[in-house]
Amino acid sequence: MLSIALKMLFGDKVKLLGLVAGIAFSTLLMAQQGGFFIGLISRSANFVLDARDVSIWVMDPLTETAEGPRAMRDTELNRVRGVPGILWAVPLIQATATLRTNEGRSTNAAILGLDNVSLVGINRAFVAGSPEDLRGPDAIAIDQLGFARLWPGEPIRPGKVIEINERRAVVVAITDAAPGFSAPVVVYTRLSQALDYTPGGRNRLSFVLASHAPGTNPADVGKVVTAQTGLKALTSGDFTRATIDYVIRNTGIAFSFGVVIGLGALVGILVSGLTFTLFISDNIRQFAVLKAVGTSNWRILGMVASQAVVVAFIGYGFGLGLASGFFEGVNQPLSELKGFWLPWQVAAMVAVATLVIVLLASVVSLRRVLVLDPAVVFRG
Amino acid sequence: MSGVIVTNLVKSFGAGDARVTVLNGTDFSAEAGKMTFLVGPSGCGKTTLISVIAAMLSVDSGAVNVFGTNPLILKPREVVRFRGETVGFVFQQFNLLPSLDAAENAAVPLIVQGMSSAKARSKACDLLALLGLGASLSKLPSQLSGGQQQRVAIARALVHEPKLIVCDEPTSSLDAASGKTVMELFSSLAVRPDRAAIVVTHDDRIYHFADRIAFMEDGRVVRTEDKTRPHVIALEPHR
Ligand SMILES: Nc1ncnc2c1ncn2[C@@H]1O[C@H](COP(=O)(O)OP(=O)(O)OP(=O)(O)O)[C@@H](O)[C@H]1O
Ligand SMILES: [Mg+2]
C-alpha cells in the first residue's frame with residue numbers, strides 16, 4: 001500500500017513540485033529568519049562570549065545587559081578580590097565613543113578598556129598584530145569588520161591613525177572580535193587609555209571580570225560575591241542568557257521576527273494545504289477505487305499520511321539546504337552578517353513546524369477522503 | 001440456488017420534497033455460473049441496484065443474499081472486507097490508477113488484501129497474459145488503448161478470484177470492435193460455476209453474451225429472458 005501511495009504522489013509531477021516548493025519555501029523562510037534572529041540577538045552577548053577565560057561577571061545590581069553597564073566605584077574591584085573562592089579579578093571599562101578617520105568618516109564604537117597588565121576580556125584571535133602591541137602609547141586594536149567599514153577597499157593592516165572623541169589613537173592591531181548588537185565597531189585598548197578616550201571622572205568601572213578558584217564552582221562563588229559585596233555576580237553562561245533575554249524584552253525584535261516566522265508558517269500551511277487539497281481531490285477517484293476494492297479507512301489514512309510525510313521530508317530538505325547555504329554564504333569574516341549561523345535547535349524546531357504544517361494541511365483534505373462514498377466509482 | 005438474490009429492495013435518495021425513490025420493491029437474482037445482464041432505460045436504477053449488491057450502498061428496506069451473506073447487515077469493517085474478498089468490479093470509465101503500470105493496477109486487490117507486491121504482480125501478469133496483454137505489463141494506462149485499459153480492469157476484477165463480478169457499462173466507452181473483444185475475453189474468463197457475473201449495459205451489440213437478461217423499469221425488474229451462449233461453449237477449453 002505504501003508503494004501505491006508513493007507512486008500516486010510521484011506520478012503527479014506538477015503537484016509534487018508545487019507541494020515541495022511550497023514547503024521548501026516556508027522552511028527556508030522559517031529557518032533563515034530563525035537563524036537570523038538568533039544571530040542578531042546573540043550579538044548583544046558577544047563581549048561575554050569573547051572573554052573566554054572569565055567565569056564570573058560582577059556588576060552593579062542594576063546592570064541588566066552586557067552592552068549597557070552601570071558604573072561602579074573603583075573600590076569594588078578590591079572588595080571582589082577579597083571574596084573567598086575568587087582566584088583573580090580584573091577591571092573592565094566599557095563605553096561608547098565616536099571614531100573619526102583622517103578621511104572624515106565616522107562611526108560609533110564600543111570601547112573596551114582592559115586591565116593594563118593582563119588584558120583579560122580580549123578576543124585573542126588577532127588578524128594582524130598581537131595583544132602585546134596594545135602596550136604602546138595611544139595604541140588601540142580594532143575588529144576587522146570595523147576596519148573594513150572605516151576604510152572600505154583598503155588592505156587590512158595596522159598603522160592607521162584616528163581620533164576617538166577627538167583624541168589621537170593608533171591602530172596597532174586588527175582583531176577578529178565579533179560585532180555587538182548596538183555598537184558596530186569593537187575597539188580594545190588599555191583601561192587607563194579608555195578613561196582618557198571617554199568623558200567622566202573616576203569611578204567608571206563597568207565590570208569586574210573574575211575567575212573562580214580550582215575546586216569551587218562559579219555559581220556558588222558568585223553567590224558569595226553578592227552576599228559580601230551587594231553586587232550582582234553572574235556566571236558567563238547566565239550573563240549571556242540574561243543579556244539576550246534583555247534584548248528580547250526591551251526591543252520589538254522578537255515580535256517582528258515572530259511575525260515573519262509566523263508568516264512563513266502561514267505561507268507553508270496555505271500553499272501546502274491548498275496544493276495537498278488539490279492533490280487529494282484530483283485523486284479522489286483513485287481513493288474511491290481503492291475503497292471499492294476493499295481498502296479500509298485506516299489504510300487510506302496511512303496512505304495520505306505517508307504521502308504528507310514524504311512531501312514534508314523532501315520540501316524540508318530543500319528548504320533547509322537553501323537556508324544553510326544562505327548562512328554559509330553570509331558568515332564571512334568581512335560580512336555584515338558575520339557570526340550568523342543556523343543553530344540546530346532552529347533546524348529542529350522548523351522540522352517540527354513543517355511536519356505539523358503538512359499534517360494540518362492533510363487533515364483538511366483527509367476528511368473528504370474518509371467520508372468518500374466508494375459508490376462514486378460508478379458515476380461518470 | 002447459489003448466487004445473488006435480492007428481495008423487495010427499497011432505496012430512496014434525498015429528503016423532503018427532493019426525495020426520490022429509486023428502487024421500489026426490487027426483486028432480482030443472478031445465478032452462479034451464469035452471466036446476467038441488467039438492462040433498462042437511463043435512470044431506472046441499474047447502477048443503484050448493483051451498488052447495493054456490491055455492498056457500496058445502504059438501503060431503506062429489503063434483503064440481499066450474496067452467496068449466503070447479507071452485506072446490508074455487516075459491520076462497517078466487515079463490509080470493507082466483504083467487498084475486497086467477494087466482489088470484483090469493472091467500470092465504464094476503467095478507473096485505473098494512472099501512476100501504476102498495467103500489472104500493478106491488476107494486482108491492486110491482492111495488495112489491498114495484504115499479499116506481497118512481487119507475488120501479487122506475478123499473479124496479475126499471468127492473468128494479463130491470458131487477456132492478451134503480455135506485452136504491455138509495464139505500460140501506464142495512458143499508454144494503452146481504451147480496450148486494453150478495460151482488459152486491465154477486467155484482470156483487476158478477476159485477480160483475487162471473487163465470487164461476484166459486477167460490471168457497469170463495460171463497453172460504453174469502447175468502439176464496437178474492442179467492445180466485442182473485451183466481452184469475448186470477459187465471458188471466457190469470468191464465467192465459472194462458482195461465480196456470478198452481473199453486467200449492466202445499454203449496448204445491445206453485446207446482448208448475445210448474456211445467459212439471462214433482466215429488464216428494469218422505474219426501479220423494478222419487470223421481465224427476465226433466458227438465452228443460450230454458443231460461443232462460450234466454444235471458448236470453454238481455453239480455461
Ligand atoms: N447519490 C445519489 N443521490 C441522489 N440521487 C441519486 C443518487 N444516485 C442515483 N440517483 C438518482 O437515482 C436515479 C437512478 O440512478 P442510477 O444511476 O441507478 O440509474 P441507471 O439506471 O444506472 O442510469 P444510467 O443508465 O443513466 O446509468 C437517477 O434519477 C439518479 O439521479
Ligand atoms: Mg448507471
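Residues numbered from 1 in each chain as written. Chains lettered and ligands numbered in written order. Predicted model: local features only at pLDDT ≥ 70, side-chain atom pairs only at ≥ 80, totals over all residues. Heavy atoms only, no water.

Asks: Quick question: what am I supposed to make of the overall build of chain B here?
Replies: Check the secondary structure of chain B and you find seven helices and nine strands. A compact globule built from 239 residues should have a C-alpha radius of gyration of about 18 Å, and chain B, at 18 Å, falls within 12% of that. Each of the three principal axes of chain B carries a C-alpha extent, and together these read 50 × 40 × 35 Å. Burial status across chain B gives 56% buried among its 239 residues. Within chain B, counting contacts between residues at least 6 apart in sequence, those at least 24 apart form 69% of the total. (Helix = DSSP H or I, 4+ residues; strand = E, 2+ residues; numbered from the N terminus. Rg over C-alpha atoms; globule rule 2.2 N^0.38 Å. Buried < 20%, exposed > 50% of the residue type's maximum accessible area, 1.4 Å probe, protein only. Contact = heavy atoms within 4.5 Å.)

Asks: Help me understand the sheet that holds strand 2 (residues 20–31) of chain B, please; the structure alone is not making it clear to me.
Replies: What links the strands of a sheet is backbone hydrogen bonding, and the strands pair in either a parallel or an antiparallel sense. Residue and element names in this part refer to chain B. In spatial order, the strands read 2-1-4; together these three strands make up an open sheet with antiparallel pairing. Sheet topology places strand 2 and strand 4 (61–66) at the edges, where each strand pairs with a single neighbour. Averaged over all neighbouring strand pairs, the angle between strand axes comes to 20°, with direction disregarded. By the bridge criterion, nine bridges tie strand 1 (residues 3–13) to strand 2 in an arrangement that is antiparallel. Each bridged residue has a counterpart across the sheet, and for Ser12 the counterpart in strand 2 is Thr21. (Pairing = 2+ DSSP bridges. Axes fitted to C-alpha atoms, helices over the stretch in contact; angles between N-to-C directions.)

Asks: Would you mind going over the pattern of salt bridges with me for this structure?
Replies: Pairing between side chains of opposite charge can happen when their charged atoms approach one another. Scanning the entire structure with this criterion turns up 21 salt bridges over all chains. Between B:Glu104 and A:Lys7 there is a salt bridge, with its nearest N and O atoms 2.2 Å apart. Remark: A:Lys7 occurs in helix 1 (residues 2–11) and B:Glu104 occurs in helix 3 (residues 102–112); the pair is interchain, linking two chains. The residue B:Lys180 makes a salt bridge to B:Glu184 at a minimum N-O spacing of 3.2 Å. Note that B:Lys180 and B:Glu184 are positioned in helix 6 (residues 176–190) at a spacing of four residues, about one turn of the helix. Judged by relative accessible area, which is 45%, B:Lys180 ranks as partly exposed. (Salt bridge = Lys/Arg side-chain N within 4 Å of Asp/Glu carboxyl O.)

Asks: Help me out: how do you make sense of the interface of chain B and chain A in this one?
Replies: The parts lose accessible area when they come together, and the size of an interface is often stated as this lost area. Counting from both sides, the interface comprises 25 residues of chain B and, opposite them, 24 residues of chain A. Roughly 2,200 Å² of surface becomes buried between chain B and chain A when both sides are summed, with 66% attributable to carbon and sulfur atoms. Contact with chain A buries area across many residues of chain B, yet B:Met56, B:Leu97 and B:Val112 alone supply 24% of it, more than any other trio. Inspection of the region where chain B meets chain A yields one salt bridge. Across the chain B-chain A interface, the total number found is seven residue pairs in polar contact (both at pLDDT 80 or more). Taken together, the elements giving at least two residues each to the side of chain B that touches chain A come down to helix 1 (46–53), helix 2 (76–86), helix 3 and strand 6 (164–168) of chain B. Its residues assigned to classes, the side of chain B that touches chain A shows 13 nonpolar, eight polar and four charged. (Buried area = accessible area lost by both parts, 1.4 Å probe. Polar contact = N/O pair within 3.5 Å; in protein donor to acceptor, adjacent residues only side chain to side chain. Nonpolar A, V, L, I, M, F, W, Y, C, P; charged D, E, K, R; others polar.)

Asks: How do you make sense of helix 12 (residues 344–371) of chain A when you look at a structure like this?
Replies: An α-helical turn contains 3.6 residues, so a residue and the one three or four places further along point in the same direction. Residues and elements named next belong to chain A. For helix 12, built from 28 residues, the straight-helix expectation of 40 Å at 1.5 Å per residue is met to within 8% by its first-to-last C-alpha distance of 40 Å. At Ser365, helix 12 is deflected by roughly 35°, the largest bend along its length. Taken as a whole, helix 12 has its buried residues at Val346, Ala347, Val350, Thr354, Ile357, Val358, Ala361, Ser362, Ser365, Leu366 and Val369. Considering only its buried residues, helix 12 is in contact with helix 2 (13–42), helix 9 (253–282), helix 10 (284–292) and helix 11 (297–330). (Expected span 1.5 Å × (residues − 1). Bend = angle between axes of the 7 residues up to and from the residue.)

Asks: What am I meant to see in the site of ligand 1 here?
Replies: If you check the shell around ligand 1, you find A:Arg379, B:Phe13, B:Val22, B:Ser42, B:Gly43, B:Cys44, B:Gly45, B:Lys46, B:Thr47, B:Thr48 and B:His202 and nothing else. Neighbouring residues of ligand 1 are distributed over chains A and B. B:Gly43 places a polar main-chain atom, nitrogen or oxygen, 2.8 Å from an oxygen atom of ligand 1. Backbone polar atom of B:Cys44 to an oxygen atom of ligand 1: 3.3 Å apart, as the coordinates give it. (Near = heavy atom within 4 Å.)

Asks: Would you explain the pairing of strand 6 (residues 161–164) of chain A in this entry?
Replies: Side-chain direction in a regular strand flips from residue to residue, so the side chains alternate between the two faces of the sheet. Residues and elements named next belong to chain A. Residues Ile162 and Ile164 point to one face of strand 6 and are all buried, whereas Val161 and Glu163, pointing to the other face, are not buried. As paired strands, strand 2 (residues 86–101) and strand 6 are joined by three bridges and run antiparallel to one another. Each residue of the ladder has a partner; that of Thr101, found in strand 6, is Ile162. Bridge count between strand 6 and strand 7 (residues 167–175): four bridges; the pairing is antiparallel. Each bridged residue has a counterpart across the sheet, and for Val161 the counterpart in strand 7 is Val170. Hairpin connection from strand 6 to strand 7: two residues lie between these consecutive antiparallel strands, with Asn165 at a positive phi of about 45°.

Asks: Looking at this structure, how should I read the environment of B:Val191?
Replies: Residue and element names in this part refer to chain B. With respect to the element layout, Val191 can be found in the loop between helix 6 and strand 7 (196–200). Looking at Val191, the relative accessible area reads 11%, which means it is buried. Between the C-alpha atom of Val191 and that of Ile165, which follows or precedes it by 26 residues, the distance is 9.2 Å.

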